[in-house]
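# Fold and contact review
Here is what each chain is made of, one letter per residue.
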Amino acid sequence: MALKGITVLEFAGLAPAPFCGMILNEFGANVIRIDKRNARPFIEDTVGSGKKSLSINLKHEKGIAIVKHLVSKSDVLLEPFRKGVMEKLHLGPEVLCKENPRLIYARLSGYGHDGPYSNMAGHDINYLAISGILSLLGWRNKHPTPPSNLAADFGGGGLMCTLGIVMALFERTRSGKGQIIDANMVEGSAYLGSWLARTQNTFLWGQPRGENMLDGGAHCYDTYKTKDDKFVAVAALEPQFYAQLLDKLGMSEQELPQSDFEQGRIKLGDKFKTKTQAEWTEIFDQTDACVTPILSLSEATSHPHNVNRGSFIPNKEGLAVPAPAPRLSRTPGVSKFNELNPSPGHHSIEILQEFGYSEAKIQEFLHDGIVDCLDENNNCPDEMPSKL
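Given the structure is predicted, the values throughout are model-derived calculations rather than measurements.

### Things to note about unusual backbone geometry
Cis peptide bonds are those with omega within 30 degrees of zero, and the linkage from A325 to P326 qualifies with 0°. Looking at where P326 falls in the secondary structure, it is placed in the loop between strand 11 (320-322) and helix 14 (348-354). The residue N141 is not glycine, and still its phi comes out positive at about 60°. Structurally, the position occupied by N141 is in the loop between helix 5 (124-131) and helix 6 (150-175). Given the relative accessible area of 74%, N141 is considered exposed.

### Looking at a nonpolar patch on the surface
On the surface, Y117, M120 and I130 cluster together into a nonpolar patch covering about 270 Å² of accessible area. Within the fold, I130 resides in helix 5.

### Topic: the sheet that holds strand 1 (residues 7-11)
Taken together, seven strands build an open sheet; the order of strands is 6-5-4-1-2-3-12 and the sheet is mixed. Looking along the sheet, the strands with just one partner apiece sit at the ends: strand 6 (179-184) and strand 12 (371-372). Sheet analysis places strand 2 (residues 30-36) next to strand 3 (residues 52-56), joined by five bridges and oriented parallel. Each residue of the ladder has a partner; that of R33, found in strand 3, is S53. Its contacts with the sheet put helix 6 on strand 4 (76-79), strand 5 (104-109) and strand 6, and the angle it makes with strand 5 is roughly 165°.

### Some remarks on the pairing of strand 8 (residues 231-235)
Residues of strand 8 alternate between two faces, with V232 and V234 buried on one and F231, A233 and A235 left unburied on the opposite face. Inspection of the sheet shows strand 7 (residues 221-225) paired to strand 8 by five bridges, in the antiparallel sense. In the strand pairing of strand 8, T223 is matched with A233. Following strand 7, the chain reverses through five residues before pairing antiparallel with strand 8; D229 in that reversal takes a positive phi of roughly 65°. In terms of strand pairing, strand 8 meets strand 9 (residues 291-293) through three bridges, oriented antiparallel. Opposite V232, over in strand 9, you have P293 as the bridge partner.

### Brief notes about the pairing of strand 3
Counting buried residues along strand 3, five of its five residues qualify, which places the element largely inside the surrounding structure. Burial along strand 3 is two-sided: the residues K52, L54 and I56 and S53 and S55 are all buried. Two elements, strand 3 and strand 12, share two bridges in a ladder whose sense is antiparallel. Paired with S55 across the strands is D372, a residue of strand 12.

### Some details on the sheet that holds strand 7
Read across the sheet, three strands follow the order 7-8-9 without closing on themselves; strand pairing throughout is antiparallel. Two strands in the sheet have a free side with no partner beyond their single neighbour: strand 7 and strand 9. Averaged over all adjacent pairs, the angle separating strand axes in this sheet is 25°, with direction ignored. Relative to strand 7, helix 10 (residues 261-272) is tilted by about 40°, and along the sheet it contacts strand 7, strand 8 and strand 9.

### Here's the deal with the side chain of R33
Among the secondary structure elements, R33 is positioned in strand 2. Separated by 2.9 Å, the side chains of R33 and D35 make a polar contact. In terms of polar contacts, R33 uses its side chain to reach the backbone carbonyl oxygen of P342, at 2.7 Å.

What counts and what doesn't
Residues numbered from 1 in each chain as written. Predicted model: local features only at pLDDT ≥ 70, side-chain atom pairs only at ≥ 80, totals over all residues. Heavy atoms only, no water. Helix = DSSP H or I, 4+ residues; strand = E, 2+ residues; numbered from the N terminus. Buried < 20%, exposed > 50% of the residue type's maximum accessible area, 1.4 Å probe, protein only. Patch = residues over 30% accessible without salt bridge, like charges linked within 9 Å, V, L, I, M, F, W, Y side chains within 5 Å. Areas by Shrake-Rupley, 256 points an atom, 1.4 Å probe, with all protein chains shown as cover. Salt bridge = Lys/Arg side-chain N within 4 Å of Asp/Glu carboxyl O. Pairing = 2+ DSSP bridges. Contact = heavy atoms within 4.5 Å. Axes fitted to C-alpha atoms, helices over the stretch in contact; angles between N-to-C directions. Polar contact = N/O pair within 3.5 Å; in protein donor to acceptor, adjacent residues only side chain to side chain.

Following this line, the structure appears as structure tokens:
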């Protein structure tokens, strides 16, 4: 696998950093999640399958010493906190990069680690708002509408941070040196929207929100309800694709000119209500009219194209999740979806052993409350099990 041999220490957090850790893990990295001691049983890391968990008391100097020891033998540290949190723990980059000059220290935050907003709390919608991108999203004459927490948390946050880590690892092969990554969701979202920013004041984005070619303003790039109250997506932008759309609808350019957005939307809306989604899907299948059914997440897993490519990975309960992407020809990612999503401390003993701690030292850590470990019944023993 592409990242085989890379060890990542991921400090537990909410969605963006765990998503970054998930990608690294599914492409071969050994990802160790550092959980706080006595962390609540509920695991926010819903993308933690295949990771390992070490539960440490970070308020104790011996717990901090364990982290430093792990860092000395690791490649990447991923932390999801606001400015100053790691420094208060004496685990900031100025400390840890001395422990390991080859360390890639990745900081994934909302606003970055300097600037007037660096100490402020926020969520996806706030970061997307400050990036300028949220102002472009939504229907005309309506409030801006965030695309769930997809764009800032996962696109501008977790995915951009992953890219930064991989680039830093590649650069290290030449320099032999690590570096600090300041990945934040404001700048990540803005950079994700570079094409949108660079096409402002063009024919694509020259109008107010919701009145442009690609944001629902054009009738030939929109969604429509079908007879059975489902939906189809239409994206017949180019003239040759629009001609195929009209042909399959049994309409002419005179009836539905591509330049008349308002009347076009009304006529297309009426037309698509005359058949079910399945009927329209059959009509437009294997054509270049750029019309597709809008599928639910569960429907997407059984779509013939996705089934043919193995685009989703099912589990025993029938739930399916996306397979790792992109596909690499020699070292593809492997989904960890069906592996254990560990509770805090599930692998504590195993990890400490791997990093060279003796059984006596591990037992001392357990007895003194420096680390937690869970047995097969999710109990936390005060000493090491007799059989490891």
